[in-house]
Amino acid sequence: MAAPDPHQAADPLAVKRHPTLFRAVRKRKNPKLRRTDITVTDDAAVKRAVKAASLGNAMEWFDFGIYSYLAVTIGHVFFPSGNETTQLLSSFATFAVAFLVRPLGGMFFGPMGDKVGRKKVLALTMILMAVGTFAIGLIPSHETIGVWAAVLLIFFRMLQGFSTGGEYGGASTFIAEYAPDKRRGFFGSFLEFGTLAGYVGAAGLVTALYALLNDAQMEAWGWRIPFLVAGPLGLVGLYLRLRLDETPAFQKLEGGTAHASEAADGVESTAKGDLAKIFRQYWPTLILCICLVGAYNITDYMLLSYMPTYLSDELGYSETHGLLILLAVMLFLMTIISQVGKLSDRFGRKPLLMTGMLGFLFLSLPAFLLIRIDGILPITLGMLLLGLSLVCMLGTMSAALPALFPTNVRYGSLSVGYNLSASIFGGTTPLVITALISWTGSNLMPAYYAMAAALVGVIAVACMKETAQKPLIGSPPSVETDEEAAELVHAQAPEPKF
């Protein structure tokens, strides 16, 4: 939030001389809630919104996940033969390219979402992601068209990254603005359930292909199948998103049906989504967002994207071996993530996020020492240690991050902050870890990198405010029943004096 203007602070002597006048001014600026100020959510509408946002998110991350799981094969297909590490680094550099344009996508789609609506922008990002992914499946190999194969791959990866720049900020904003205040963590956790579902779908399909096809078949045509599946999946996600209504909070911005107090009217009077305003007025919160997302993204991409490559390239396991173990871990996380969301509603966002950050800080090294031991059991235990730490963040972040910013700049601010951080830290994680292992010769570099990220995350969580069970900034309170709304109004009534 912007710091208050010191020149506008009231003179203490004037307040003392005219207490009644200043009391009236305070009441005018912060009026008591009326019953019509409070949004009573429609349970069926909330569930539809959560389903569409989460399924759409699953489609996005299926598209994005298949590239990381096919990184080794893609390195062989699109980059000249030679050193295996160089091919892998080239493949991961192309993976990172998509993240370099994500901030541009965030700066473009975020403010647009604050101007024209969350729903329209989320539909547009879905179309672009599906087109980019489907097109990658049609690109000829390096043997066929030479360097143009890599050029086209980079172009469509950039299109994927550009569209993803508007996805997370929009989807998490969409769910947060629909959900009642006391259950925002629970409903928000389904967004990351969708992320895990997308990764599971991608890992499952790639695992099946590796099991059914030999290396020559995979490099000739098998790798194309997951990318080509993205076209029909994108149409399904688009259909689901177009059927939704706008969020109550955004309807209020546009003069719609959701009601707010006069104080909220002042905050939500326009939907400019001005980038300059975001950087000028909300830079402290943007920095906090970048630090939280950076720690979260490094650990997320290390486990969900990079780990199969680590197991196959660094430890010598087959691609199928690593993917099957990761698949089992992700399925387990999917069964408990909504419970983590409930816990964040009950105990707060900060305790859950701090548990996840401390988990990575203290358990990363033991986890990777277990993973290096030959055998399915120690590898699975090591990945479960990382997974349980990650799920504390997965189940909480999608409710915690939208609550950092006010409604009129929420989509834009979150998209900018999230994607700047994802660009700098998230997408570069596989590339940085592969390079660090190559330079140092140590297979424990992923653990040290995760520990450094977690240390930054611990500091960021300590600095953030608790937002559980509170209204979003700039939005009226949101409850599930008329009885809850009546209780809120009654709680403000003055005590009778006898």
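Scoring rules and cut-offs
- Starting afresh in each chain, residues are numbered from 1 along the sequence in its written order.
- Local features in this predicted model are restricted to residues whose pLDDT is 70 or higher, and side-chain atom pairs enter the listing and the counts only when it is 80 or higher, whereas totals over whole chains, interfaces and linings include all residues.
- To get the side-chain values, take all heavy atoms of the structure and skip hydrogens and water.
- Numbered from the N terminus, helices here are DSSP runs of H or I no shorter than four residues, and strands are runs of E no shorter than two.
- Residue contacts follow a heavy-atom distance rule, with two residues in contact if any of their heavy atoms lie within 4.5 Å.
- Exposure was quantified through the Shrake-Rupley algorithm and a 1.4 Å probe, taking into account, for residues, occlusion by the shown protein chains and nothing else.
- Relative accessibility thresholds used throughout: buried, under 20% of the residue-type maximum; exposed, over 50%; partly exposed, between the two (1.4 Å probe, protein chains only).
- Multiplying 1.5 Å by the residue count of a helix minus one yields the expected span of that helix.
- The nonpolar core is taken to be a set of buried Ala, Val, Leu, Ile, Met, Phe, Trp, Tyr and Cys residues, with the residues joined through side-chain atoms within 4.5 Å.
- Axis definition: a line fitted to C-alpha atoms, limited for helices to the stretch in contact. Angles are taken between N-to-C directions and run from 0 to 180 degrees.
- By the definition used in this description, the sense in which the near helix is turned from the far one sets the handedness, with an anticlockwise turn below a right angle giving left-handed and a clockwise turn giving right-handed.
- Asp, Glu, Lys and Arg are counted as charged, while Ala, Val, Leu, Ile, Met, Phe, Trp, Tyr, Cys and Pro are counted as nonpolar; the rest, among them Gly, fall into the polar class.
- For Phe, Tyr and Trp, where Trp contributes only its six-membered ring, two rings pair if their centres lie within 6.5 Å, and the inter-plane angle classes them as stacked under 30 degrees, edge-to-face over 60, or tilted in between.
- Throughout this description, the term salt bridge denotes a Lys or Arg side-chain nitrogen within 4 Å of a carboxyl oxygen of Asp or Glu.
- Geometric relationships in this document are graded by angle, where less than 35 degrees denotes roughly parallel, more than 145 denotes roughly antiparallel, 65 to 115 denotes roughly perpendicular, and other angles denote oblique.
- Patch rule: a residue counts if its relative accessible area is over 30% and it has no salt bridge; like charges are joined within 9 Å, and nonpolar side chains (Val, Leu, Ile, Met, Phe, Trp, Tyr) within 5 Å.
- The quantity known as pLDDT measures the predictor's confidence residue by residue, on a range of 0 to 100.
- Two axes define the bend at a residue: one fitted to the seven residues ending there, one fitted to the seven starting there, and the bend is the angle between them.
- Cysteine sulfur atoms that pair up within 2.5 Å are treated as a disulfide.

Asker: Looking at this model, I keep getting lost on the overall build of the protein chain. Mind explaining?
Answerer: What the protein chain contains, in helices and strands, is 24 helices and two strands. Long-range contacts, defined here as pairs at least 24 residues apart, represent 85% of the contacts in the protein chain between residues at least 6 apart. As presented, the protein chain carries roughly 20400 Å² of accessible surface, and 67% of it is formed by carbon and sulfur atoms.

Asker: How do you make sense of the side chain of Ser421 when you look at a structure like this?
Answerer: Mapping Ser421 onto the fold places it in helix α21 (residues 410-426). Given the relative accessible area of 0%, Ser421 is considered buried. Excluding its chain neighbours within four sequence positions, the residues that come into contact with Ser421 are Ile290, Val293, Gly294 and Gly426.

Asker: How do you make sense of helix α3 (residues 43-69) when you look at a structure like this?
Answerer: Think of an α-helix as turning once every 3.6 residues; residues three or four places apart then point the same way. Here α3 is 27 residues long and its end C-alpha atoms lie 37 Å apart, about the 39 Å a rise of 1.5 Å per residue gives. Counting buried positions along α3 gives 21 out of 27 residues, so the element sits mostly inside the fold.

Asker: So what exactly am I meant to see when it comes to the nonpolar core here?
Answerer: When a protein is soluble and globular, its nonpolar side chains tend to lie buried together. Membership of the largest hydrophobic core comes to 122 residues, with the highest contact counts inside it found for Met330, Met383 and Leu401. Take this core: its biggest share by element is 16 residues, from helix α17 (residues 283-314). Apart from residues lying up to four places away in sequence, Met330 is in contact with Tyr69, Leu196, Tyr199, Val200, Ala203 and Leu304.

Asker: Would you mind showing me how to read the packing of α17 against helix α20 (residues 376-400) here?
Answerer: For any two helices packed against each other, the geometry comes down to the angle between their axes and how far apart the axes lie. Interhelical geometry of α17 versus α20 gives an angle of 145 degrees and a closest axis separation of 10 Å. The interaxial crossing formed by α17 with α20 has left-handed handedness. Across the interface between the two elements, Leu292, Tyr296, Thr299, Asp300, Met302, Leu303, Leu304, Met307 and Leu311 from α17 touch Ile379, Met383, Leu386, Gly387, Leu390, Met393, Leu394 and Met397 from α20. Considered class by class, the residues forming the contact of α17 with α20 number 14 nonpolar, two polar and one charged.

Asker: Sorry, what's going on with the packing of aromatic side chains here?
Answerer: Each aromatic ring pair is characterised by the separation of its centres together with the angle its planes make. Throughout the structure, instances matching the rule amount to 13 aromatic pairs. Ring centres of Phe108 and Phe109 lie 5.0 Å apart, and the angle between their planes is 80 degrees; on these two criteria the pair is classed as edge-to-face. A relative accessible area of 42% means that Phe108 is categorised as partly exposed. According to the relative accessible area criterion, Phe109 is buried, its value standing at 1%. Centre to centre, the rings of Phe155 and Phe156 are 5.1 Å apart; their planes meet at 75 degrees, and the pair counts as edge-to-face. Using a relative accessible area of 17% as the deciding quantity, one classes Phe156 as buried. Within the aromatic cluster, the residues linked to one another by ring pairs are Phe186, Phe187, Phe190 and Phe193.

Asker: Whenever I open this one, the pattern of salt bridges confuses me. Can you help?
Answerer: Pairing between side chains of opposite charge can happen when the charged atoms of each approach one another. Per the counting criterion, the structure on display carries three salt bridges. Across the pair Arg349 and Asp345 runs a salt bridge whose closest N-O atoms are separated by 3.0 Å. The class of Arg349 is buried, set by a relative accessible area of 1%. On the basis of relative accessible area, Asp345 is assigned to the buried category, the value being 6%.

Asker: I tried to follow the packing of helix α11 (residues 184-212) against α20 on my own but got confused; where do I start?
Answerer: Viewed as axis vectors pointing N to C, α11 and α20 meet at an angle of 120 degrees, and their least axial separation amounts to 7 Å. As summarised for this structure, α11 and α20 are arranged oblique, according to the angle between their axes. Crossing hand, α11 versus α20: right-handed. Counting all contacts with α11, which are made through Arg184, Gly185, Gly188, Ser189, Leu191, Glu192 and Leu196, the residues of α20 involved are Leu394, Gly395, Ser398 and Ala399. Class assignment for the residues of the contact of α11 with α20 results in four nonpolar, five polar and two charged.

Asker: I keep staring at the environment of Gly110 and nothing clicks. Help me out?
Answerer: Along the chain, Gly110 turns up in helix α6 (residues 102-116). Residues Gly110 and Glu167, spaced 57 residues apart in sequence, show a C-alpha to C-alpha distance of 9.1 Å.

Asker: Help me understand a nonpolar patch on the surface in this model?
Answerer: A cluster of nonpolar side chains, contributed by Leu124, Ile127 and Val131, occupies part of the molecular surface with about 220 Å² of accessible area. Of note, Leu124 is situated in helix α7 (residues 118-136). For Leu124, a relative accessible area of 33% puts it in the partly exposed group.

Asker: Hey, could you run me through the confidence of the model for the protein chain in this one?
Answerer: Reading predicted coordinates in detail is not appropriate for stretches of low pLDDT. Of all residues in the protein chain, 82% attain a pLDDT of 70 or more, and the chain-wide mean is 80. Across the protein chain, element-level confidence peaks in helix α19 (residues 349-371) with a mean pLDDT of 95 and bottoms out in helix α15 (residues 262-267) with 34. Low pLDDT, under 50, characterises residues 1-8; the predicted model gives this stretch seven contacts beyond four residues in sequence or across chains. For the stretch residues 256-273, pLDDT sits under 50, and the model shows 45 contacts to residues farther than four places along the chain or on other chains.

Asker: Please clarify how α20 should be interpreted in this entry.
Answerer: Spanning 25 residues, α20 covers 35 Å between terminal C-alpha atoms, matching the ideal 36 Å at 1.5 Å per step. Maximal helix bending in α20 amounts to about 25 degrees, located at Leu390. With 18 of 25 residues buried, α20 lies mostly within the body of the structure.

Asker: What is the right way to read the state of the cysteines from this model?
Answerer: Think of a disulfide as a covalent bridge from one cysteine sulfur atom to another cysteine sulfur atom. For the structure shown, the criterion picks out zero disulfides. With no disulfide partner, Cys289 has as its closest neighbouring cysteine sulfur the one in Cys291, 9.3 Å distant. You can call Cys289 buried: its relative accessible area is 0%. Since its relative accessible area comes to 27%, Cys291 is described here as partly exposed.

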